[in-house]
Amino acid sequence: MARLRNLVILTGAGVSAESGIATFRGPGGLWEGHRVEDVCTPEALARDPLLVHRFYDLRRAALDTVAPNAAHHALARLDAAWPGDLLIVTQNVDDLHERAGARRLLHMHGALRSALCAACGIREPWTDALPPETECPNCGMLALRPDIVFFGEMPYEMERIEAALADADLFVSIGTSGAVYPAAGFVQTARHHGAATLEMNLDPSGGSHWFEESRMGPAGTLVPAWVDDVLAAA
């Protein structure tokens, strides 16, 4: 670890689950009672905007009931202290990394507390409900939508992510299923460019065989211990 300089960290639903945010799949998950096709595709937004906006309004409101956990705080501590390059890429659309203090952060799947204008492309911070046909404060068009990457849409800032992976000395995946691309392929990209790879998850992910090391357990336990080790060796 003393030779590490550039870190890329991918976080998924398993990190925020310990704060009380439901994961997407499985019993009690966000998709329970909803087909993905009904709430998270461009076609669903066009077909039933009221349902889609309501779904994300409820998710946005739920953020007021949760707080960052030990894993979020540990990564924020690493962000503040790490002397080299660091990029935290999160698949999560909550704001718990920011509330813990992380700054070198990228939301590849969008953010609940942001609205996107489908007409002019501007993004606006958004904390309240977002009814369909809300007027854009920039262009005046009735085109604001949740700033969420729907299935079938391209994740945000892929070029920046790919560049960081190419320069990484270590790629770490935390709390991800390893089932959703392109994020599931990040470990292969990192290994191709010579990075060491580490997975921390409750259970082996779909891509565990690509990682040089896997640590199984709760993120709130594993991540703080790992951050302590990394900073001690820096």
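Coordinates for the structure precede this section.
The following paragraphs examine the structure supplied in this document. Here, residues in each chain are numbered from 1, in the same order as that chain's written sequence. Where totals are concerned, whole chains, interfaces and linings use all residues; where local detail is concerned, this predicted model gives features only for residues with pLDDT of at least 70, and gives and counts side-chain atom pairs only at 80 or more. Based on all heavy atoms of the structure, the side-chain values leave hydrogens and waters out of the count.

Let us now look at the overall build of the protein. On a plain count of helices and strands, the protein comes out with 9 helices and 9 strands. Whereas a compact globule of 234 residues would reach a radius of gyration of roughly 17 Å, the protein reaches 18 Å, a difference of no more than 12%. With the C-alpha coordinates aligned to their principal axes, the bounding extent of the protein is approximately 55 × 35 × 30 Å. Put simply, the protein has 234 residues, and 50% of those count as buried. By definition, residues are in contact when any of their heavy atoms lie within 4.5 Å. Contacts spanning at least 24 positions in sequence make up 63% of the contacts within the protein whose residues lie at least 6 apart. Areas reported here follow the Shrake-Rupley algorithm with a probe of radius 1.4 Å; residue values treat only the protein chains shown as occluding. Taken as a whole, the protein presents about 11000 Å² of accessible surface, with 54% of it coming from carbon and sulfur. Helix numbering and strand numbering both begin at the N terminus, where a helix is a DSSP run of H or I of at least 4 residues and a strand a DSSP run of E of at least 2. Put simply, the radius of gyration uses C-alpha atoms, and a globule should come to 2.2 Å times the residue count raised to 0.38. Partly exposed residues are those whose accessible area sits between 20% and 50% of the maximum for their type, while under 20% is buried and over 50% is exposed, using a 1.4 Å probe and protein chains only.

A few words on unusual backbone geometry. Excluding glycine, residues mostly carry a negative phi; peptide bonds, for their part, are mostly trans. In the segment running from Tyr-181 into Pro-182, the intervening peptide bond is cis, with an omega of 15°. Following the sequence through the fold, Pro-182 ends up in the loop between β7 (170-174) and α8 (186-192). Even without a glycine there, the phi angle at Glu-133 is positive, about 60°. If you trace the backbone, Glu-133 turns up in the loop between β5 (123-125) and β6 (144-148).

Whenever a carboxyl oxygen of Asp or Glu lies within 4 Å of a side-chain nitrogen of Lys or Arg, that contact is scored as a salt bridge. In the structure shown here, the tally under the stated rule is 10 salt bridges. For Arg-145, the salt bridge identified is with Glu-153, shortest N-O distance 3.0 Å. Take Glu-153: its relative accessible area is 28%, and that puts it in the partly exposed class. For the salt bridge of Glu-157 with Arg-160, the shortest nitrogen-to-oxygen distance reads 3.3 Å.

The definition of a nonpolar core used throughout is a set of buried Ala, Val, Leu, Ile, Met, Phe, Trp, Tyr and Cys residues joined through side-chain atoms within 4.5 Å. Core analysis: the largest hydrophobic core is formed by 26 residues, its most contacted members being Leu-78, Ile-174, Val-223 and Trp-226. The set of elements that each furnish at least two residues to this core consists of β1 (7-11), α5 (70-81), β2 (86-90), β7, β8 (196-201) and α9 (219-233). No other element matches α9, which puts 6 residues into this core. Apart from residues lying up to four places away in sequence, Trp-226 is in contact with Ile-9, Leu-75, Leu-78, Leu-170, Val-172, Leu-198, Met-200 and Arg-215.

Taken together, the buried positions of helix α7 (residues 158-167) are occupied by Met-158, Ile-161, Ala-164 and Leu-165. Down the axis of α7, the smallest arc covering the buried residues is 125°, so these residues share one side. The outward face of α7, more than 90 degrees from its buried face, is lined by the exposed residues Glu-159 and Asp-167. Turning to α7, the residues buried within the fold contact β1, β2, β3 (105-107), β7 and α8. The directions from the helix axis to the C-beta atoms are what the arc is built from.

Looking now at the sheet that holds strand β4 (residues 110-117). As summarised here, the arrangement of the 3 strands in space is β5-β4-β6, forming an open sheet in which the pairing is antiparallel. Every interior strand has two partners, whereas the edge strands, β5 and β6, have only one. Strand-to-strand, the axes of this sheet are offset by a mean angle of 45°, without reference to chain direction. In the sheet, β4 pairs with β6 via 4 bridges, with the strands oriented antiparallel. If you follow Ala-115 over to β6, its bridge partner there is Pro-146. To obtain an axis, a line is fitted to C-alpha atoms, over the contacting stretch when the element is a helix, and the angle between two such axes runs from 0 to 180 degrees between their N-to-C directions. Of the strands in this sheet, β4 and β6 are in contact with helix α4 (residues 49-62), which crosses β6 at around 55°. A pair of strands is treated as paired once DSSP finds two or more bridges between them.

Here a helix's expected span is defined as the number of its residues, less one, multiplied by 1.5 Å. In this model, α9 (15 residues) spans 21 Å end to end at C-alpha, consistent with the 21 Å of a helix rising 1.5 Å per residue. Taken together, the buried positions of α9 are Ala-219, Gly-220, Leu-222, Val-223, Pro-224, Trp-226, Val-227 and Val-230. In this fold, the buried residues of α9 make contact with β1, α1 (13-17), α5, β7, β8 and β9 (213-216).

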